[in-house]
Each structure stands twice: as C-alpha cells, then as structure tokens.
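# Report on the structure
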Amino acid sequence: MTDQLRGKSAIVGTGHAGFGEAHGLTAYDVMAQSALAALGDAGLKLSDVDGLFCTMMEDSMPALMAAEYLGIQPRFIDGTMSGGSSFVNYLTSATMALDAGLCDVALIVYGSNQRTGSGKLVTASRPPAYEAPYNPRYPISAYAMAAARHMHEYGTTREQLADVAVSARAWARHNPEAFERGPLTREDVLGARMVGDPLTVRDCCLVTDGGGAVVMVRADRARDFPKPPVYVLGSAAESSHRQISQMKDFTVTAARASGQRAFAAAGVSPGDIQAVELYDAFTINTILFLEDLGFCAKGEGGAFVEGGRIAPEGVLPVNTNGGGLSCVHPGMYGIFTVIEAARQIRGDAPGIQLNDVDLALAHGNGGVLSSQVTAILGSQNTL
Amino acid sequence: MSNTTGPDQIFRTALAKNDIVLPRCDDCGAFHFFPRVLCPHCHGTAISWKPASRKGKVHTTTVVRQKPERGGDYNVCMVELEEGVRMMSRVDGIAPGEVVIGMDVTAFVGEADGAPAVFFKPAEG
C-alpha cells in the first residue's frame, strides 16, 4: 500500500467465534458465526456485505464456499491464499476495493474447527516434491531449522526462545478469551516434550478451533458506526519463497521489506508503535519479526525478549492477547493480529488493555516464513 | 510415452542411474535447485546439466522426534553444496542429534518410498 491509501479505510467491526473447542461445528459454521459477530459489532447485517475477503484451510475455492454459506452474492471477492498472512493482506486489497468503489462494506473472515475436527493441522497442500522424500514435519521442521540457524549465527539460546512463550502466557493469563491461562515458566518450556529440535511443544502454537472477522468501510463514513473506527494507515507485503528449502537466509524474513514499506506508508516508525501483534506460530517467529520489523537489530532479538521484556510491564507490549502460543491458533492466526490491534486502539481489548493506544502493528506470516504482511493501524488521532 | 526431457525428469532419470546432476545456467553461470525451465537468478532459459561435486556442508538441521514404535527420531537438514545450491536432505550414518551446522558431508543416492533420492553421510577424513 502506498501513502495515497493512508487512512482511506477503517475497521468498524471485529468479531470472533468458537475459541478453544467448537464441538459439533464445521469450519464454515465457525466462519459464519465470526462474520455475524463482527457485523453485529459494526451494527451491520450480512445483506450489507458486498465485498468478501476469505480463505480457509479446506477446499480449493473457499471464498466461493463462504459466500454461498453466508447467503450473499458479493460483487468483489479476494481469496488469495498466502497462508496465515492472507487476512492481513486483505487489509490492502479491501482498502483498494473500497477506495475504488468496487465494494462498500468489506468483510474479512476466517474459521476453523481443526482441534475438534481432526486434532491436527488441516491442509490442502501437497508435500513439495523435493522435500517429501525426507519427511519433514510441516510446519515445525521448517521453523526448527530457522531457529537452529539463528542460534548458530547469533548465539540465541533456548532460554530466550522459551521466554517468548512465557511472555505470551503472561498476557494470556489476563485474557478470559485465551485458551491456555495456566502458569508457565521458562523451565516448563525447556522441560516440555521435544518435538523438532530445538523446539519443544511449548515453543509451538496451540491447536484450537476458532474464527475471526473484521468489517471495513471507506473512511468518509467510518464515524457513523457504534464503535470507534480503526484506520488502516499502511499495509505492505513481501513474498520470498514457498518451500523452506528455498529460503535464501534462514535468519532474515521478508518482514524486513514489508515492514519498511508499511511504516513508510503510515509515516511512522517502530518507536511510535504502542502495541505489537505478531504471528507467533513458533517462539522463533517473534524474535525474527521483532528484528526484521526494526524493533531491534538483527541478531539481538534473543536478548530483546529475555526476562519479561515483552511481557506485561515490560519495555514493549507484544502479543497482548497471548498470541498463537497461548490465546488461539486455529490453523491460521493472521486475522487475530488485526483484531487484537484494533481492540487495543478502540480500548476494548479482552485482556490487558493498554493505556491510550493510538498506533498498533499487526504482522501476518504465511507458509513457512514465506509470506510476510505488515499493517499499521491507527486511531482517529493519527489521521 | 513419458516425457524424459523436462528438468524434473532429467534429474530423476540421472538419479535412477546413481548419478547426481545439477542444472546450471549458460547465461549467468550460476547453479540452481530445484530443477526448472528457467534460471531463477537471471531468468535465462539455456540450462546445462553438470555432475554434482557431491561435497557439501550442513547449513541447518533439526531432529524430527518420533516414538520408537513409529520408527524413532530422524534427521532433516539443509545441505549447501560446493556449487552454491542448497537441498533438503538427511545425514545418515550418525545419530540424528549428532548432525551439526557446518559439518562436511558427502552426497549419495539412496532410496525414499521406493524412489531414488539424494542423501548425505559425514565426509571422510
């Protein structure tokens, strides 16, 4: 997104459904409940929606399946599938479509029943031909190899990785919507079952059900809704590969480029951001993205997260809902970075509400560190 | 009749004869992997095939933890070959946790699911 689109669209509704376990519901049921929740939050109806932005873990045409299920006939759809980053990416395409008049009410929505449905990651992906013979476990083997390389190059420790999980849990403990709210120590993480060295099961995101949605309109009517509008000030993407074996540098992600362009479009810098919502599929993600987005230098992410520095009362609020590690992770988490960033700005975060948040960052990751999308959201004061 | 001229087929046909060959761009001279109809570096389409050096270093590595009754733990790693390309593979002949970043390894043609595939073993000497 260029600065021509700065503040041209706003989120006027957020919603979610099926957090934790959604017994008896299909992925599309959870998607629809999330859509209704977000539209209700905005004071709108499904019949108002004329732009649909959706992908699911199931099916090859999930946006069409979703529109059909919802009983709507949208005049603009975007079903681009870049993994969990898709829903942050839709902020850009929804802003473009709204600004161009291609739709008036944009609904971004996702739902999954992966926990009660199968108990593991649902995927329509085939194993890549040049990786399949070695049976990597997707996606953890990819992230484990990135973590191993980061440890090798920068001396990052397992203790520092563990502290990412401990901080996420510290936020989640205050969030009644979070799935895991019990105490968690560094020793708990280090002593947990090793799944893919150097990552234990507590370095990995949850496997839950859940869905989320946001409703967007053009900025010129964004103040006509019940909740304070949250403006999209900048959003940008960069895609570097699909298969982990094609990642050029295992310690540097495309978030460096997506972040730079999102900050430039918004006209702000990392030091201005008051709440940072990152896609933390694994503990290494948080470290990589804090570095690549410019919150600390490359290689210093381990020290940056150490000892509660990104926990409540730390130096930077990161993943204030508990993240994918402790709040919710239904296959793809991207939409929840947007929802939590928006709620922190609106002042109705479900857990710890930070004081006077005007600027928040949502960062989506897709594939195996493949697709990176960064969005800067702001309050009315930032226009 | 099966197509034996596409890049994927050329690579696999060679493997079946115990040969490891790598695609190299005639225009920019760089190797690439996986095989494809163009050079991902300069986008040239004149590709030649060269016998691989078979010499590489472990670039990064992990152990997939698995219960013994399901086959036990195994190694998955990325190996960087002397040619400058990386491939996913497994280092055999040592415990999966003994595979470390930077170690010298040598490629050989093994078998995975009934088909030939490139594996590595620790380099001798």
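Keep in mind that what you see is a predicted model, and the values were worked out from it rather than measured.

### Let's talk about the nonpolar core
The biggest cluster of nonpolar side chains holds 151 residues, and the ones touching the most others in it are L107(A), I108(A), V338(A) and L377(A). Each residue touching V338(A), except ones within four places of it in the same chain, is listed here: F87(A), V88(A), L91(A), V214(A), A362(A) and A375(A).

### Here's the deal with the domain arrangement of chain B
All names here are of chain B. The assigned domain composition of chain B is domain 1 (1-51) and domain 2 (53-125). On a C-alpha basis, the centroid separation for the pair domain 1 and domain 2 is 22 Å. Contacts between the two partners involve 9 residues from domain 1 and, on the opposite side, 9 residues from domain 2. Its residues assigned to classes, the side of domain 1 that touches domain 2 comprises 7 nonpolar, 2 polar and no charged.

### A closer look at unusual backbone geometry
Residue and element names in this part refer to chain A. Here the amide bond leading from Y138 into P139 is cis, since omega sits at -5°, within 30 degrees of zero. Among the secondary structure elements, P139 is positioned in the loop between α4 (114-117) and α5 (140-154). One non-glycine residue, D356, lies in the positive phi region at around 50°. Within the secondary structure, D356 sits in the loop between α12 (334-346) and β10 (359-366). Judged by C-beta crowding, with 9 C-beta atoms within 10 Å, D356 ranks as exposed.

### Quick word on the sheet that holds strand β8 (residues 230-239) of chain A
Residue and element names in this part refer to chain A. One open sheet accounts for 9 strands, arranged β3-β2-β4-β7-β1-β8-β11-β10-β9; its pairing is mixed. With one partner strand each, in any of the chains shown, β3 (76-78) and β9 (275-278) form the two edges of the open sheet. The average undirected angle you get between the axes of adjacent strands in this sheet is 20°. Bridging between strand β1 (residues 9-20) and β8 involves 2 bridges; their strand directions are antiparallel. Its bridge partner being in β8, A10 is matched across the sheet by Y231. Lying over the sheet, helix α1 (residues 27-42) contacts β1, β4 (106-112) and β7 (209-218), oriented at roughly 140° with respect to β1.

### As for the environment of I108(A)
Residue and element names in this part refer to chain A. Positionally, I108 belongs in strand β4. Taking C-alpha positions, I108 is 11 Å from T95, a pair spaced 13 residues apart along the chain. When near neighbours in sequence (up to four residues on either side) are disregarded, I108 contacts F53, F87, Y90, A94, A213, V214 and I335.

### Considering the packing of helix α6 (residues 158-172) of chain A against helix α9 (residues 283-292) of chain A
The description of two packed helices rests on the angle between their axes and on the distance between the axes. Residues and elements named next belong to chain A. In contact at an axis separation of 8 Å, α6 and α9 are set at 95° when each is read in the N-to-C sense. Classified by the interaxial angle, the pair formed by α6 and α9 is roughly perpendicular. Two secondary-structure elements touch here, α6 through L161, A162, V164 and A165 and α9 through T283, I284, T286 and I287. Across the contact of α6 with α9, the residue classes tally to 6 nonpolar, 2 polar and no charged.

Cut-offs and rules
- Residues numbered from 1 in each chain as written.
- Chains lettered and ligands numbered in written order.
- Predicted model: local features only at pLDDT ≥ 70, side-chain atom pairs only at ≥ 80, totals over all residues.
- Core = buried A, V, L, I, M, F, W, Y, C linked by C-beta atoms within 7 Å.
- Buried ≥ 20, exposed ≤ 12 C-beta atoms within 10 Å, placed from the backbone.
- Contact = placed C-beta atoms within 7 Å.
- Domains from an automatic or database assignment.
- Nonpolar A, V, L, I, M, F, W, Y, C, P; charged D, E, K, R; others polar.
- Helix = DSSP H or I, 4+ residues; strand = E, 2+ residues; numbered from the N terminus.
- Pairing = 2+ DSSP bridges.
- Axes fitted to C-alpha atoms, helices over the stretch in contact; angles between N-to-C directions.
- Parallel < 35°, antiparallel > 145°, perpendicular 65-115°, else oblique.

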